[in-house]
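Here is how the chains run, residue by residue.
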Amino acid sequence: MAGRTTTLLVSFFIAMATMSGRVRGHGYMLEPPSRQSAIRVGYSNIPRNYDDNALYCGAIAHQWDVNGGKCGVCGDPWDETPRSYEHPDGRYVKGVDPVNKVYAMGQTVEVIIRQTTGHRGYHIFRLCNRDNLDSPDATEDCLQQNVLHLENGATKVKEADFCNGIYKFKVKLPVGLTCEKCFFQWKYRAGQHWGCFQDGRCCLGCGEKQEEFYACADIVIRDDVPVTSPLSGYPASCALSSANNASTTTTTTQQPHQQPTTKRPTTPTTSTTPATTTTTQATKPTTTATTTTTKTSTLTTTTTTAGDSVLERRCRGSLCWLVCNLSLYYCNIFSECRGCSEYLALRVSSGR
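About the thresholds
- Residues numbered from 1 in each chain as written.
- Predicted model: local features only at pLDDT ≥ 70, side-chain atom pairs only at ≥ 80, totals over all residues.
- Heavy atoms only, no water.
- Pairing = 2+ DSSP bridges.
- Helix = DSSP H or I, 4+ residues; strand = E, 2+ residues; numbered from the N terminus.
- 1 Å grid on protein atoms, 1.4 Å probe; cavity = no way out; pocket = protein on both sides within 12 Å on 5 of 7 lines; lining within 4 Å.
- Points joined across faces, edges and corners; volume = space filled by probe spheres on them.
- Disulfide = S-S within 2.5 Å.
- Buried < 20%, exposed > 50% of the residue type's maximum accessible area, 1.4 Å probe, protein only.
- Nonpolar A, V, L, I, M, F, W, Y, C, P; charged D, E, K, R; others polar.
- Salt bridge = Lys/Arg side-chain N within 4 Å of Asp/Glu carboxyl O.
- Core = buried A, V, L, I, M, F, W, Y, C linked by side-chain atoms within 4.5 Å.
- Contact = heavy atoms within 4.5 Å.

Colleague: In this structure, what is going on with the sheet that holds strand β2 (residues 101-104)? I would like to understand it.
Modeller: One open sheet holds the 5 strands; their spatial order is β2-β11-β8-β4-β6, and the pairing between them is mixed. Only two strands of the sheet have a single neighbouring strand rather than two, namely β2 and β6 (157-158). As judged from the 8 bridges shared by strand β4 (residues 122-129) and strand β8 (residues 179-189), these two strands associate in the antiparallel manner. Within β8, the residue paired with Leu127 across the bridge is Phe184.

Given below as structure tokens:
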């Protein structure tokens, strides 16, 4: 046992040392073609940034401990002067003709995100009309005026798992809004760090202090153009959580910096369909240890009963408890820690 623990500890620190550079980048936006990554889809006039998947406000410690949670609208560190992707003087935008892809008013846009390291977080999309804005680029106040909706009415979209690949989102542009200089923003709020809300609830992904990643695009919206065809050649390979269903109002009405949690049921019985997930509480408690996982092609649902105490004891009594509380990404690397990773995921889903 001691030998296995030592091996796990050594492997963990080696993994952290060798992978720290690789896990920095988390994703980039291909459609609409972003200021950071348009060169990847054929726009050769855009300066190349080989770190275009790591626009994350200068890292979590810099964003929250130095800048009080503030970040540039394209993911540049708030205290960077000038910010690399913001007008008028950013080094990647100064003197560069913007892509300005044209969309029809009210169109449902197929947004394509390439996730290079998923952290089971939320995706949020916002829009700023810059036509008459008294600022050289988009502002936070302007973006908050148009938090965009998906086809099912949700305003934030949670990942089903730690997936690296292509996500596709059907995002609706506002009806009645046209612009020649619109700013489209993708915001990804990761969920792999342990944190607590002010009411005392703690879990992975809880609390305000989480990593945030951004991309931004310049688009045009007109009422006299045909609906734009989506970008081809990028089939979706990552699924979204069942928590994004339109019927799950506790998810779609949350603020961007919150994550929904629910009371742990005594003995739930679960019925799952490809579109909805419902849970009802039985009248009599049971102590039988039961874990049920149901998967479909588009959503993943996990439920647990009160009998997971054995899994909890095994998790808390191992080095995996430390590893998994530091980061679920590293937790899932080691086969010895998969049970602990499962237990922590259950704690998050049950609001404990």
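Colleague: It is not clear to me how the layout of surface pockets should be interpreted in this structure. Could you clarify?
Modeller: To locate leftover empty space, one rolls a probe as large as a water molecule over the atoms. Of the volumes computed, that of the second largest pocket is approximately 460 Å³. For the lining of the second largest pocket, the secondary structure elements donating two or more residues are α2 (60-66), β4, α3 (140-144), β8 and β11 (212-222).

Colleague: Looking at this structure, how should I read the state of the cysteines?
Modeller: A disulfide bridge is the covalent bond that connects two cysteines by way of their sulfur atoms. In the structure shown here, the tally under the stated rule is 7 disulfides. Two residues share a disulfide in this structure: Cys179 and Cys182, whose sulfurs sit 1.9 Å from each other. Between Cys179 and Cys182, the disulfide has an S-S torsion of -115 degrees and is therefore left-handed. For the pair Cys179 and Cys182, a shared accessibility class is recorded, and that class is buried.

Colleague: How should I be thinking about empty space enclosed by the protein in this particular structure?
Modeller: All told, the structure shown has 1 cavity of 30 Å³ or more when counted by the stated rule. Here the largest cavity defines a volume of roughly 110 Å³. Lining the largest cavity are 15 residues, with Arg35, Ile46, Val93, Pro98 and Asp218 sitting closest to its centre. Its residues placed into classes, the lining of the largest cavity shows 9 nonpolar, 3 polar and 3 charged.

Colleague: Would you mind showing me how to read the sheet that holds strand β3 (residues 108-115) here?
Modeller: Sheet strands associate in pairs through backbone hydrogen bonding, adopting either a parallel or an antiparallel arrangement. The 4 strands are arranged β1-β3-β7-β5 in an open sheet whose pairing can be described as antiparallel. The sheet is open, and its two edges are formed by β1 (27-31) and β5 (149-150), each paired on a single side. Pairing analysis gives 4 bridges linking β1 to β3, with the strands arranged antiparallel. In the strand pairing of β3, Tyr28 is matched with Arg114.

Colleague: Honestly, the pattern of salt bridges in this entry has me stumped. Any pointers?
Modeller: Side chains that differ in charge, positive against negative, can pair when their charged atoms come close. Considering all chains together, one arrives at 16 salt bridges under this definition. One salt bridge in this structure joins Glu31 and Lys101, with 2.8 Å as the shortest N-O distance. With Glu31 in strand β1 and Lys101 in strand β2, this pair connects stretches of sequence that are 70 residues apart. According to the relative accessible area criterion, Glu31 is buried, its value standing at 2%. A salt bridge links Asp218 to Arg35, with the nearest nitrogen and oxygen atoms 2.8 Å apart. One end of the pair, Asp218, is in strand β11; the other, Arg35, is in the loop between β1 and α2, with 183 residues separating them in the sequence. Here the two residues Asp218 and Arg35 agree in accessibility, since each one is buried. One continuous salt-bridge network, built from bridges that share partners, spans Arg35, Arg130, Asp137 and Asp218.

Colleague: I keep staring at the nonpolar core and nothing clicks. Help me out?
Modeller: In summary, soluble globular proteins display a tendency toward joint burial of nonpolar side chains. Core analysis: the biggest nonpolar cluster contains 31 residues, and Val111, Phe125, Phe169 and Phe184 have the highest contact counts within it. Listing elements by their share of this core, those giving two or more residues are β3, β4, β7 (165-172), β8 and β11. In this structure, Phe125 is in contact with Val111, Asn146, Val147, Leu148, Leu150, Phe169, Val171, Phe184, Gln185 and Trp186, ignoring residues within four places of it in sequence.

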